[in-house]
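Tertiary structure, described
What follows is the residue order along each chain.
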Amino acid sequence: MPFDLAAYLHRIGLQTCTSDLDGLKKLQAAQISAIPFENVLPFLGQVPGLDPESIWQKLVMERCGGYCFELNALLGDALASLGYSTRKVLARVRMGAGEGGARTHLAFVVTLEGDEWLVDAGFGGQAPAEPVRISDAPQPIRDQSYRIRFEEASGEHVLERATGEGWFPLYGFDRVDVRPADIEAANFLCAASPKQSFAGSMKFYRLTDTGFLSFLDGRARLAGNGDKRVWLIRDTEDLDDFMRRDLGLGYGDDTIRAIAKRLEDLKNAPNQTTTS
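What you see is a predicted model, and the numbers here were worked out from it, not measured in a lab.

Observations regarding the packing of aromatic side chains
For any two aromatic rings, the description comes down to two numbers: the centre-to-centre distance and the angle of the planes. Counted under the stated rule, the structure contains 11 aromatic pairs. Centre to centre, the rings of Phe-3 and Tyr-8 are 5.5 Å apart; their planes meet at 50°, and the pair counts as tilted. Judged by relative accessible area, Phe-3 falls into the partly exposed class, the value being 24%. A ring pair is formed by Tyr-67 and Phe-198, whose centres lie 5.1 Å apart and whose planes are at 85°; its orientation type is edge-to-face. Placement of Tyr-67 in the loop between α4 (52–61) and α5 (68–81) and of Phe-198 in the loop between α6 (180–192) and β10 (203–207) is noted, with a sequence separation of 131 residues between them. Just as Tyr-67 is buried, Phe-198 falls in that class too. In textbook terms, an aromatic cluster arises when at least three aromatic residues are bridged by ring pairs, as seen for Phe-37, Tyr-67, Phe-69 and Phe-198. Over the ring of Trp-231 we find Arg-229, and its NZ or CZ is 3.9 Å from the ring centre. Over the ring of Phe-43 we find Arg-262, and its NZ or CZ is 4.6 Å from the ring centre.

This is how it looks when you write it as C-alpha cells:
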C-alpha cells in the first residue's frame, strides 16, 4: 500500500503542509494531537506489526494510536513524501537517570537549511510538541523549555527538559546507523520484555491545544493553561468513554473490555502496586 499524503494529512487534521521549518513544526504537533501515544497491543500480549500496511491500517484507517516504532514509522513516511532529509536514530531512554539502557526509542534527525532538528512524534509524556534544534541553547516550546546537549562520555546527544530542579534528561541518541533488524529487535524487546513497562502498564498520551491528556493504569490526567485535573477510570464504561471521546481512538468493544479486565486483574493481583 503506497503512502497517501492527502489521507495522512486528513487523519492529522491538516489540509496542506509545506516542506520547510514551519511545516515541520506543524506536522509533528498535528500528529501528536491526532494520533495518541498508546501501548494497547503490548499490554494485551501482542507485538505490533511494523510493516507499512499494518501501520497504515491501524493508525490511519482504524484511527488507533501506537508507540514510537509505529508512530514514528508513519511520521517518517510523511517526512519522506514531503521531501525532508531525514536520518533515523535509536535512543536510550533516561527519564532522569544519568544514563539509559538499551536503544528502545526511535526518532529522526532532520537536516534543514544547515541546521539539524530532532523530530519525534512517539515519546509520549514530557516530550516536546515540536521539533528541537540540536543545540545546547534552551528552546521554548509552548509552555516548556528544551535543549539537546552533547555528552562526551557516552557520545550521545541528550534531550533535556527544564524543570524547577534543573535540566531533566529524557533520552540520549547517537549517530550509529539504524537498520531494519535493529528496529525489529527493539520493537520486540519493548513489547515482550517484562523489564520494559509496555507489557505490564497501560499508557495513553495525547497533546491538546492547551496542554496534554494522559493516562497511566487507571489514573487520567488533564493539564494545561496552569490547570490540572486528575481522575480515576473505574470501570469498562469509563474506559470506553475516555478512549473514544477524549482520545478519539477507534478500538472495538472487545479490545476495550480486554484492557479493562487486565487493569482490574493487575489492581487485584497480590503484592501488585498500581497508580490507581
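Quick notes on the nonpolar core
Buried together is how nonpolar side chains tend to be arranged in soluble globular proteins. Counting 60 residues, the largest nonpolar core has Tyr-8, Ile-12, Leu-27, Phe-69, Leu-79, Tyr-171 and Phe-173 as the members making the most contacts within it. It is α5 that contributes the most residues to this core, 7 residues altogether. Once you skip the residues sitting within four places of it in the chain, Ile-12 turns out to touch Leu-27, Ala-30, Gln-31, Ala-34 and Ile-35. Judged by nonpolar contacts, the second largest core, of 21 residues, contains Phe-215, Phe-242, Leu-249 and Leu-263.

Here's the deal with α4
Within α4, burial applies to Ile-55, Trp-56, Lys-58, Leu-59 and Val-60. One or two positions beyond α4, positive phi appears at Arg-63, with a value near 60°.

What about the pattern of salt bridges?
Counted under the stated rule, the structure contains 18 salt bridges. For Asp-246, the salt bridge identified is with Arg-245, shortest N-O distance 3.2 Å. Beyond isolated ion pairs, a larger network of salt bridges with shared partners links Arg-92, Arg-94, Arg-147, Arg-149, Glu-151, Glu-156 and Glu-160.

Considering the packing of helix α7 (residues 236–246) against helix α8 (residues 253–268)
One can describe the packing of α7 onto α8 by two numbers: an axis separation of 9 Å at closest approach and a directional angle of 120°. Classified by the angle their axes make, α7 and α8 are oblique. Here α7 and α8 pass one another in a crossing that is right-handed. Contacts between α7 and α8 involve Thr-236, Leu-239, Asp-240, Met-243 and Arg-244 on the former and, on the latter, Asp-253, Ile-256, Arg-257, Ile-259 and Ala-260.

Procedures and definitions
Residues numbered from 1 in each chain as written. Predicted model: local features only at pLDDT ≥ 70, side-chain atom pairs only at ≥ 80, totals over all residues. Heavy atoms only, no water. Phe/Tyr/Trp six-rings, centres within 6.5 Å; stacked < 30°, edge-to-face > 60°. Buried < 20%, exposed > 50% of the residue type's maximum accessible area, 1.4 Å probe, protein only. Helix = DSSP H or I, 4+ residues; strand = E, 2+ residues; numbered from the N terminus. Lys NZ or Arg CZ within 6 Å of the ring centre and 35° of its normal. Core = buried A, V, L, I, M, F, W, Y, C linked by side-chain atoms within 4.5 Å. Contact = heavy atoms within 4.5 Å. Salt bridge = Lys/Arg side-chain N within 4 Å of Asp/Glu carboxyl O. Axes fitted to C-alpha atoms, helices over the stretch in contact; angles between N-to-C directions. Parallel < 35°, antiparallel > 145°, perpendicular 65-115°, else oblique. Left-handed = near helix turned anticlockwise from the far one by under 90°.

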